[in-house]
Every structure is written in C-alpha cells, then in structure tokens.
Amino acid sequence: MRPLISYMFTSLDGFIADRGGGLEWVPIDDELMRYANTTFGAADGVVFGRNVHEGFVNYWDALDPSDPSVSELEAEFAGIFGGMERIVASTTLRDQPVGTVVVADDLPVRVRELKDRPGRDLLLVCGPELRSTLAEHELIDRYRTLVAPVALGEGIPLFGTTREPVRLRLVGESAFEGGVVMLDHTPA
C-alpha cells in the first residue's frame, strides 16, 4: 500500500495563499529545493487539485534546463517531476494532459485504489478543499505542513471548511535555515 502524504505551505497565521491567491511570500531557497528534490524523487506520483496541477505543469513542464537563469536544483526538480505519475482531481478538466490521470467522480474510491497499488509514496499537493475531502475519508497518511515565518492577516485557510475536526498527532518536526519549520503529523 502506498501512503498518501500531504505537503502544504502555510503562513504562521494559517493561510496557504494570500487574499488574491498569491504565493510570492513562500520562501523557496536552495535548502527547500534540495528537500523538494529528495521528497519528489522518493515518490511515485502526485495527486493534485486542478488549480495547483495547472500551476505546476505550466511552470515545471515548460522549464528549459538549458536556460542559464535556471538553477541546477530547479532543473533537477523539473526532471523528477516530468517522470512522475500525475493524478488530478477535477470535474472541469476536459483535456487530459499526457501522463495525467483525471479523476472526475468517486474521488475517495479512486484515491483508495491508487493507494492500494504497490509502489512508493504518493504526494498530495492541493488546495484546502481537496485536502479536507480526503481527510474526511481518512485517506491521508501524513500531513507535512511547511510553516513560513510570515503572517498574512487574511487569505485562503489551511484546511478550508471541514465538517468534522481533523485530529492529528505530531510525530516530528524539522527547521530549515531560512526559517521554515516542517511539522509532520499523522491522523490521531
């Protein structure tokens, strides 16, 4: 069984994006890029919400590793990401990109089927609605939340709206030199 591991950046005050949906406040540095390369390199696939998927694909699939402005770490990540299985939860995505599986219905059932396949980790990179839906169905095995040292005041909340409390148990934490702290939780 493949574990589903949620990764999400948040501000200190619990927002995953500013009020306009922007992420310019996320402090990505070389240390975090190395961490992303290790994490994505150890996984088989990524489960996305449609909006996050489009952002990832538009940026990372279009990245030209031969461009001198692209760092080695970014080029490495683009190569890793380009070879990963991609699953997108969307009822509106019509054109299925090459190498991408679109899940439009029976999401909890389909994610459970993906988890039941043999292999390595599945990463969950999505917005709060999809994360909350999968949490309610007890499909997320780990919650790795990267807390950035910034307060936004308002924006898109980490868990959006949940019908029931999501109870978690802290199993680890680590700090990055740039001030980001990763909190590692499992369902309680």
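Note that this is a predicted model, so its numbers are computed, not measured. (Residues numbered from 1 in each chain as written. Predicted model: local features only at pLDDT ≥ 70, side-chain atom pairs only at ≥ 80, totals over all residues. Heavy atoms only, no water.)

### Overview of the environment of Leu139
Stage number 1. Following the sequence through the fold, Leu139 ends up in the loop between α5 (128-136) and β7 (142-148).
Stage number 2. Residue class for Leu139 comes out buried when judged on its relative accessible area of 0%.
Stage number 3. Sequence separation between Leu139 and Arg112 is 27 residues, and the spatial gap between their C-alpha atoms is 7.0 Å.
Stage number 4. Apart from residues lying up to four places away in sequence, Leu139 is in contact with Leu4, Pro108, Val111, Arg112, Lys115 and Leu134. (Helix = DSSP H or I, 4+ residues; strand = E, 2+ residues; numbered from the N terminus. Buried < 20%, exposed > 50% of the residue type's maximum accessible area, 1.4 Å probe, protein only. Contact = heavy atoms within 4.5 Å.)

### Describing the pattern of salt bridges
Stage number 1. If you walk through the whole model with that rule in mind, you get eleven salt bridges.
Stage number 2. Glu85 is paired through a salt bridge with Arg2; the nearest N and O atoms lie 3.2 Å apart. Of this pair, Glu85 sits in strand β4 (residues 85-89) while Arg2 sits in the segment before β1 (4-11), and the two are 83 residues apart along the sequence.
Stage number 3. Overall, Glu85 belongs to the partly exposed group, its relative accessible area being 21%.
Stage number 4. Taking the relative accessible area as the measure of exposure, Arg2 reaches 3% and is therefore buried.
Stage number 5. Each of Arg2, Asp44, Glu85, Arg117 and Arg120 takes part in one network of salt bridges that share partners. (Salt bridge = Lys/Arg side-chain N within 4 Å of Asp/Glu carboxyl O.)

### Digging into the pairing of β1
A regular strand places its side chains so that they alternate between the two faces of the sheet.
Stage number 1. Within β1, eight of the eight residues are buried, leaving the element largely enclosed by the surrounding structure.
Stage number 2. Neither face of β1 is left uncovered, since the one carrying Leu4, Ser6, Met8 and Thr10 and the one carrying Ile5, Tyr7, Phe9 and Ser11 both have all their residues buried.
Stage number 3. Bridging between β1 and strand β6 (residues 121-125) involves three bridges; their strand directions are parallel. When the sheet's bridge partners are listed, Leu4 is paired in β6 with Leu122.
Stage number 4. Pairing of β1 with β7, which is carried by seven bridges, proceeds in the parallel orientation. The partner of Tyr7 across the bridge, within β7, is Arg144. (Pairing = 2+ DSSP bridges.)

### Brief notes about unusual backbone geometry
Negative phi characterises most residues that are not glycine, and trans characterises most peptide bonds.
Stage number 1. A positive phi angle is found at Asp106, which is not glycine, with a value near 50 degrees.
Stage number 2. On the secondary structure map, Asp106 appears in the loop between β5 (100-103) and α4 (107-116).
Stage number 3. Of the residues examined, Asp106 reaches a relative accessible area of 55% and is grouped as exposed.
Stage number 4. Backbone geometry places Glu138, a non-glycine residue, at a positive phi of 55 degrees.
Stage number 5. Within the secondary structure layout, Glu138 lies in the loop between α5 and β7.

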